[in-house]
Amino acid sequence: MLSSLILFKNRIFVAVLISFLIAPFYKNVFSDDDPVKNHDSSQIFYEPVVFDKDQGALYKEIVNSLLSRHYKKQVLNDSLSKDHLARYIEFLDPGKNYFLKEDITSFQRWSTKLDDFAKIGEIQPGFFIFNIFKKRYIDRLTYNLTLLKDEAHVFDFNTNQTISFDIDSKDWFPTKKASDEFWENRLTDLMIRQFLNDQEKKAIEARETLIKRYENQIRLITQRDSRDVFQLYVNAFASLFDPHTSYFSPRTNENFQINMSLSLEGIGAELTTEDEYTKVNRVVPGGPADLQGDLKAEDRIVGVGQQNDDIVDVIGWRLDEVVDLIRGAKNTIVRLEYIPSSSEQTNTKTISIVRDTVKLEDRATQSQIININNTSGNFDIGIIEIPAFYMDFEGYRARDPNYRSTSKDVFKIVNEFKANNIVDGIVLDLRGNGGGALFEATSLTDLFINYGPVVQIKDASGRIYKNNRAKRRAIYDKPLLVLIDRLSASASEIVAGALQDYRRAIVVGTQSYGKGTVQDISPVKLGQMKQTVSKFYRVSGESTQSRGVVPDISLPSIISIDEVGESQKDNALEWDTIARVPYYQKSGNTIDDTLDELRELSLDRRNSDPNMMSLINKIALSRDLSAEKTLSLNLDLRKARSESWDEQVFVIENSRRTALNLEPFNTIDEWQAYLEDSEGEEESELPISETDPILFESARILADQIFLARNN
């Protein structure tokens, strides 16, 4: 009883001490001479968000869980405190568009105190900083609305000014005047973007779109409550451990489950938020978006419309509200306006997707045979496309002999190839495969290697598990190639890495994503924590984390490894090694002996094949435009820039057609009309060398390897 009383008194003392520490900061911000308070925002009702009494204890519980359970062992000290403050500011204002420099300076008072506050569950600084942000945000959008609604204010589209989007070189606004000047340019740029996407759009319509956007964003931020702010503050701290660690409040956890179910019903896409945009994290193989064919990972959704209704601008919306717009009844149509990740950054595209349920058979493994008539001979190459590592767990648990899984489907395809003796080698296409069941990755590898380990797993305590093994003889021992790209991740990297280490297959394509960590979800007093608890290692001892799998032969990719991948994420765990495990490489292996020659043969083709040259030139053009950090605010110059993009792609396409002895297009309009007419079923009639030159080249590499192996 006495000890409890002492503890209770100590807690009171700490709480009082914290209140004395925090009170001066509140006074400084909300005093009469404060620039935030004196900034005119009288048109908006402003109410600070106040934390709930139970959130302090919850924060302390979350911090202790991260420090004790996470794979990355962090020390709660001043250094981590500084990182937490910087990360939280970045979470709130990633583009440095709202805070003033004086705000950032004032926040430094907490730079070495947040670690001490975390130990006792003190979260007031997080709410204090958010309330400053909320006021700056509302004031800024109110100012923008004032300009947009003022008919006397004229936006100059004939200026020589430019606007920069290089956040790394951008500093916080030193004054409100500097902020106003930037935002006038930003509004001009946003209106120009609308004109470029809709040539018929008038200035008044462009203004109305932005007015609706900012009014809605003000509505959204005024709806933010203590749970939203708490989650932001906590996740700024959790993200210091690694990018896959986060806290879900009960409401967010429900929305998270809804979002995950979106991959199974709706359009078949997993979504996330980045800055003010809703970003496509992954397009689910076999889903409506995948079958429609245009939407890709890293695309940013800016508008959503129902059937023939007007598209609603969703920039700055909460993820759950965007999800609600996209979801809908089966067989209904949703229209998405988005900025493609791989195209000229000013323009958007609009597509229509018929909502449906993703059926297992639609996302299941598929096969085809490609005939390769190389100078080295004529070869039939079997292609097995594996979009995900799936498993019907219910059927498996019920011991249904007909349950579906990746390894069972591949087993069936391989046996069909063998029974009819119809292929000389097999390509496993793992492009875009974001992973799935580890058991299935191990079972798939088991089809192509004899007994031995497939992957090692190291947990947070340092224990290493080696029980994921191939347990039977390989069912296929002929030439094999694995095709990967930057979106091949997790379980697909385990398969590619194991087959590469065993020298069982040539790995071709682009360096993979580098997702080499394992997360679990555990409950806390209110909500759930997802955190990284283990790490994958190849049998060679190398981690797949951050570095991924490096192909034996690299092929071009529209997806830049400098923009996409685990290594591009803040605080990603590092690549490292552990001890290798004994594993057997098949004797007489010729892969290493032929790699140099295979690379030379492939490079020669890439420098002469019209389809590959066209792809390479389009990639170079896209990356040149993406590298631009400034844009003109002159409408005519921006139109010329956009037209130049179309013209350059048009020239590339006509060069390809001329090299293939096809009739070139006379005009851009004629070419674009052809593209619209060739969508859908007619595309399947085109040769694989044109529709998928990377897959075709992979098959040619394998044909070369078969020939060289036979003649060595």
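Since we're looking at a predicted model, the values are computed, not measured. (Residues numbered from 1 in each chain as written. Predicted model: local features only at pLDDT ≥ 70, side-chain atom pairs only at ≥ 80, totals over all residues. Heavy atoms only, no water.)

## Quick word on the overall build of the protein
A count of helices and strands for the protein gives 23 helices and 21 strands. For the protein, the residues scored as buried account for 52% of the 712 residues in total. The contacts of the protein with a sequence gap of at least 6 include a subset with a gap of at least 24, amounting to 75%. Element-wise, carbon and sulfur atoms account for 49% of the exposed surface of the protein, whose accessible area totals about 33,100 Å². (Helix = DSSP H or I, 4+ residues; strand = E, 2+ residues; numbered from the N terminus. Buried < 20%, exposed > 50% of the residue type's maximum accessible area, 1.4 Å probe, protein only. Contact = heavy atoms within 4.5 Å. Areas by Shrake-Rupley, 256 points an atom, 1.4 Å probe, with all protein chains shown as cover.)

## Quick notes on the pairing of strand 18 (residues 517-523)
As defined by bridge partners, strand 18 adjoins strand 19 (residues 528-537) across 7 bridges and the pair is classed as antiparallel. Bridging across to strand 19, Asp520 finds its partner in Gln531. In sequence, strand 18 turns back onto strand 19 through a hairpin of 4 residues, with Gly527 there showing a positive phi of about 110 degrees. (Pairing = 2+ DSSP bridges.)

## Here's the deal with the environment of Ala388
By the secondary structure assignment, Ala388 is in the loop between strand 12 (377-385) and helix 14 (393-397). Separated by 48 residues in the primary sequence, Ala388 and Gly436 have C-alpha atoms spaced 6.2 Å apart.

## Things to note about the confidence of the model for the protein
On average, the protein scores 84 in pLDDT, and the residues at 70 or more come to 88%. Per-element confidence in the protein ranges from a low mean pLDDT of 36 for helix 1 (residues 2-30) to a high of 97 for strand 16 (residues 480-484). pLDDT under 50 marks residues 1-43. Its contacts with residues more than four places away, or in other chains, come to 39 contacts. With pLDDT under 50 throughout, residues 253-264 is counted as low confidence; its partners more than four residues away or in other chains account for 27 contacts. (pLDDT = per-residue confidence, 0-100.)

## Here's the deal with empty space enclosed by the protein
Taken as a whole and judged by the stated rule, the model has 1 cavity of 30 Å³ or more. The computed volume of the largest cavity comes to approximately 80 Å³. Surrounding the largest cavity, Tyr98, Trp183, Arg186, Leu190, Arg213, Tyr214, Gln217, Glu276, Tyr277 and Ile315 form its lining. Of all the secondary-structure elements, those providing two or more residues to the lining of the largest cavity are helix 8 (176-197) and helix 9 (203-222). The residue inventory of the lining of the largest cavity, partitioned by class, reads 6 nonpolar, 1 polar and 3 charged. (1 Å grid on protein atoms, 1.4 Å probe; cavity = no way out; pocket = protein on both sides within 12 Å on 5 of 7 lines; lining within 4 Å. Points joined across faces, edges and corners; volume = space filled by probe spheres on them. Nonpolar A, V, L, I, M, F, W, Y, C, P; charged D, E, K, R; others polar.)

## Notes on the packing of helix 4 (residues 78-92) against helix 10 (residues 226-238)
Running from N to C, helix 4 and helix 10 point in directions that differ by 130 degrees, and their axes come no closer than 8 Å. Our classification of the angle between helix 4 and helix 10 gives oblique. The element helix 4 and its partner helix 10 pack so that their crossing is right-handed. Packed against helix 4, whose contacting residues are Leu80, His84, Arg87, Tyr88, Phe91 and Leu92, the element helix 10 presents Val229, Leu232, Tyr233, Asn235, Ala236 and Phe237 at the interface. Partitioning the contact of helix 4 with helix 10 into residue classes produces 9 nonpolar, 2 polar and 1 charged. (Axes fitted to C-alpha atoms, helices over the stretch in contact; angles between N-to-C directions. Parallel < 35°, antiparallel > 145°, perpendicular 65-115°, else oblique. Left-handed = near helix turned anticlockwise from the far one by under 90°.)

## A short note on the sheet that holds strand 17 (residues 506-509)
Overall, mixed pairing links the 6 strands, which are arranged 11-12-13-16-17-20 in an open sheet. Only two strands of the sheet have a single partner each, and these edge strands are strand 11 (366-374) and strand 20 (553-554). Alignment of strand 17 against strand 20, held across 2 bridges, turns out to be parallel. Within strand 20, the position partnered with Val508 by the bridge is Ile553. The strands touched by helix 23 (residues 693-710) within the sheet are strand 11, strand 12, strand 13 (425-429), strand 16, strand 17 and strand 20, with strand 11 carrying the most contacts at an inclination of about 60 degrees.

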